[in-house]
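Architecture and fold: a report
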Amino acid sequence: MYVADSRAVAPEAPATTPSADSAARPRAGRRRAAVAPTVLALGTVSLITDVSSEMVTAVLPLYLVAGLGLSPLGFGLLDGIYNGFSALVRLVGGHLADRGGGRHKWVAGAGYALSAACKPLLLVAQTLTPIGLVLAADRTGKGLRTAPRDALISLSSTPENRGRAFGVHRAMDTAGALLGPLVAFLILRATVDGYDAVFMVSFCVAVVGVLVLVLFVPGGAATQAGAARPSDTGAGAVRPNDTGARAGSGATWEPASGSGSGSGPAYSAAADADAGPAYSSGSGAESESGAGAGTASGAAGLECATGADTGAPTRPAPAPRPTLRAALALLHRPELRRIAVCALLLGLATVSDSFVFLLLQRRLGVPDRWFALLPLGTAAAFLLLAVPLGRLADRTGRWRVFVGGHGALLLAYALLLSSWQGTAAACAVLLLHGGFYAATDGVLMAAASDSVPSELRSSGLALVQTGQALARFVCSLGFGAAWTAWGDRTALTASAVLLALCAVLALGLRQLRPSVPSEGLA
């Protein structure tokens, strides 16, 4: 498991062999970073990109319905494309990132660049078909980038802090979502051709986001190398021994003498005239002798010693190259399968943001010029709650927080169906809507990460995201059709009932508990 921290390794006396107790304590001069730098860099990219995308998202419903005169069914089709089309390529993006040997950054970068290129095309698309094609291309970019980006976050974080890492990223992402509608609102008020100006400014901001990704986010291999500094007590950690002079040439297996139970065989490869550091995989006890003593917790301790007096670590053998079959086989894991099924069921009853904002405007009489500000309420609640709910999920269980978030969404539906009117009602709906995303978005990815091996992390997360996005695509189509046929109130009532039923089914699944995933291909 890759562990993210920022620590300086203090020199050790070569003649002293640490005890198990001393190995279990953090060393002086070492300090674990709360959030990895890669997470902060990706959060900056997401912040800038969300300013761009939310500028378009904030005005798109009104632009399509009021400006171009689309029916709720036509808008539901486009909204389904916008929210669900990425599901068709998320698994492809995750597989490309995994199979590329840690090229998560470049697959994500291609997705960001494609989405940026689609923004000015909205200027020339005026009918249903070309708008649908532009939105499909934009969502293809989102599908390519989402799983590799989340995999980089996951690989840069420890299991016990993964919820916090995703919460910090989602909070930064939501800061952009908070600024985007505000920028769109100001542009609409300051310009004559407001929609065209919004689309062009959105394109320029998206280009800046791509540049930040290219310049400041480390590549997959660099991320894993920087995150691979293990904790002193972490199982499976890789650590250098200070000395490891070995005579002879070739490679031999030899037993490793450990300071505790569970010590296993050690592998040594030495050259005739060189001696160098040994790398051991154990539970934390480090050997100061060339014999490569290590302690393993209930498993064999694997030690690779090389004969180089230069002190340079030996490059580990390349891992098996992930395959699409191995990625799909992840669904055989009961825990991941339960997460994917739960996300799919609840996604079937998750009305899209655009429909929620249209319902708010319709029921509360919000003027058109203020419509772009409605997403600010959701984004503000998300921003305030993402990190606290992520930490709560780490402490109390991600399943409880995830299901509780859908309870908040059900309450938002109930308020929209009630007779309560006024500004307070709108604020309450937006607060619950933002709380729903804070309790589910990053928490779902953190829960899924615990059930997926690191070398298939992008593919595993993409499987969950694909099912959820397809379910939301179906929900958008169904909600738009129900609105057209029976009206908005009946459509929302049906969605609320369906959400309650899906939540009951989800509660029948076993509680998701954070666990350290297997690191091998399954």
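Residues numbered from 1 in each chain as written. Predicted model: local features only at pLDDT ≥ 70, side-chain atom pairs only at ≥ 80, totals over all residues. Heavy atoms only, no water.

What follows covers the overall build of the chain. The helix and strand inventory of the chain stands at 17 helices and 7 strands. Across the chain, contacts joining residues at least 24 apart in sequence account for 83% of those joining residues at least 6 apart. Summed over its atoms, the accessible surface of the chain is roughly 21300 Å², and 66% of this surface lies on carbon and sulfur atoms. (Helix = DSSP H or I, 4+ residues; strand = E, 2+ residues; numbered from the N terminus. Contact = heavy atoms within 4.5 Å. Areas by Shrake-Rupley, 256 points an atom, 1.4 Å probe, with all protein chains shown as cover.)

This next bit is on the side chain of serine 154. On the secondary structure map, serine 154 appears in helix α6 (residues 128–155). Within the structure, the side chain of serine 154 is placed 3.4 Å from the side chain of arginine 162, a separation counted as a polar contact. (Polar contact = N/O pair within 3.5 Å; in protein donor to acceptor, adjacent residues only side chain to side chain.)

Let us look at the pattern of salt bridges. Tallying each qualifying case throughout the model produces 8 salt bridges. The shortest N-O distance in the salt bridge between arginine 139 and aspartate 138 comes to 2.6 Å. Of the two residues, arginine 139 and aspartate 138, both sit in the buried class. Between aspartate 150 and arginine 170 there is a salt bridge, and its shortest N-O distance comes to 3.1 Å. Taken together, the residues aspartate 150 in helix α6 and arginine 170 in helix α7 (residues 162–190) connect sequence positions 20 residues apart. Like arginine 170, aspartate 150 is buried. Salt bridges sharing partners connect three or more residues here, namely Arg149, Asp150, Arg170 and Asp441. (Salt bridge = Lys/Arg side-chain N within 4 Å of Asp/Glu carboxyl O. Buried < 20%, exposed > 50% of the residue type's maximum accessible area, 1.4 Å probe, protein only.)

Further remarks concern the nonpolar core. Among the nonpolar cores identified, the biggest contains 111 residues, and Leu64, Leu135, Leu346, Leu360, Val464 and Phe479 are the most heavily contacted of them. When neighbours within four sequence positions are excluded, leucine 135 is seen to be in contact with Leu60, Leu78, Ile81, Tyr82 and Leu122. (Core = buried A, V, L, I, M, F, W, Y, C linked by side-chain atoms within 4.5 Å.)

Attention now goes to the side chain of serine 449. Note on placement: serine 449 falls in helix α15 (residues 423–449). According to the relative accessible area criterion, serine 449 is buried, its value standing at 0%. A polar atom in the side chain of serine 449 sits 2.7 Å from the backbone oxygen of methionine 445.

Residues with a pLDDT of 70 or more make up 70% of the chain, whose mean pLDDT is 73. Note on residues 1–31: pLDDT under 50 across the span, and 67 contacts to partners over four residues away in sequence or across chains. Segment residues 512–522: pLDDT under 50, and 33 contacts once partners within four positions in sequence are set aside and those in other chains are kept. (pLDDT = per-residue confidence, 0-100.)

Counted under the stated rule, the structure contains 9 aromatic pairs. Centre to centre, the rings of phenylalanine 382 and tyrosine 437 are 6.3 Å apart; their planes meet at 20°, and the pair counts as stacked. In this pair, phenylalanine 382 is assigned in helix α13 (residues 374–396) and tyrosine 437 in helix α15, connecting sequence segments 55 residues apart. Neither residue differs from the other here; phenylalanine 382 and tyrosine 437 are each classed as buried. Centre to centre, the rings of phenylalanine 479 and tryptophan 483 are 6.1 Å apart; their planes meet at 85°, and the pair counts as edge-to-face. (Phe/Tyr/Trp six-rings, centres within 6.5 Å; stacked < 30°, edge-to-face > 60°.)

So, on to a nonpolar patch on the surface. Nonpolar side chains collect at one region of the surface, where Trp106, Val207, Leu211, Val214, Leu215 and Phe216 lie side by side and expose about 630 Å² of accessible area between them. By residue number, the principal contributor to the nonpolar patch is helix α8 (residues 194–216), which donates 5 residues. Topologically, valine 207 is positioned in helix α8. (Patch = residues over 30% accessible without salt bridge, like charges linked within 9 Å, V, L, I, M, F, W, Y side chains within 5 Å.)

Turning to the packing of helix α14 (residues 398–417) against helix α17 (residues 488–507), a few remarks are in order. With their axes 10 Å apart at the nearest point, α14 and α17 run at an angle of 160° to one another. On the basis of the axis angle, α14 is roughly antiparallel to α17. Taken as a pair, α14 and α17 cross one another with a handedness that is left-handed. Here α14 contributes Trp399, Val403, His406, Leu409, Leu410, Tyr413, Leu416 and Leu417 to the contact with α17, which in turn contributes Arg489, Leu492, Thr493, Ser495, Ala496, Leu499, Ala500, Ala506 and Leu507. In the contact of α14 with α17, the residues fall into 13 nonpolar, 3 polar and 1 charged. (Axes fitted to C-alpha atoms, helices over the stretch in contact; angles between N-to-C directions. Parallel < 35°, antiparallel > 145°, perpendicular 65-115°, else oblique. Left-handed = near helix turned anticlockwise from the far one by under 90°. Nonpolar A, V, L, I, M, F, W, Y, C, P; charged D, E, K, R; others polar.)

With 31 residues, helix α2 (residues 37–67) extends 43 Å from end C-alpha to end C-alpha; this agrees with the ideal 45 Å at 1.5 Å per step. Across the 31 residues of α2, 24 count as buried, placing the element largely inside the fold. (Expected span 1.5 Å × (residues − 1).)

Once that is clear, we can look at the environment of glycine 508. Structurally, glycine 508 can be placed in the segment after α17. Overall, glycine 508 belongs to the exposed group, its relative accessible area being 64%. Separated by 166 residues in sequence, glycine 508 and cysteine 342 place their C-alpha atoms 9.8 Å apart.

Our next topic: the environment of threonine 350. As for its position among the elements, threonine 350 is in the loop between α11 (334–347) and α12 (353–364). Exposure remark for threonine 350: the relative accessible area of 3% places this residue in the buried category. The spacing of threonine 350 and leucine 410 is 60 residues in sequence and 9.3 Å in space, taken between C-alpha atoms.

Quick look at the environment of glycine 76 now. Along the polypeptide, glycine 76 turns up in helix α3 (residues 72–84). Distance from glycine 76 to tryptophan 483, taken between C-alpha atoms, is 9.3 Å for residues 407 residues apart in sequence. Beyond its immediate stretch of four places on either side in the chain, glycine 76 contacts Phe355, Ser476 and Leu477.

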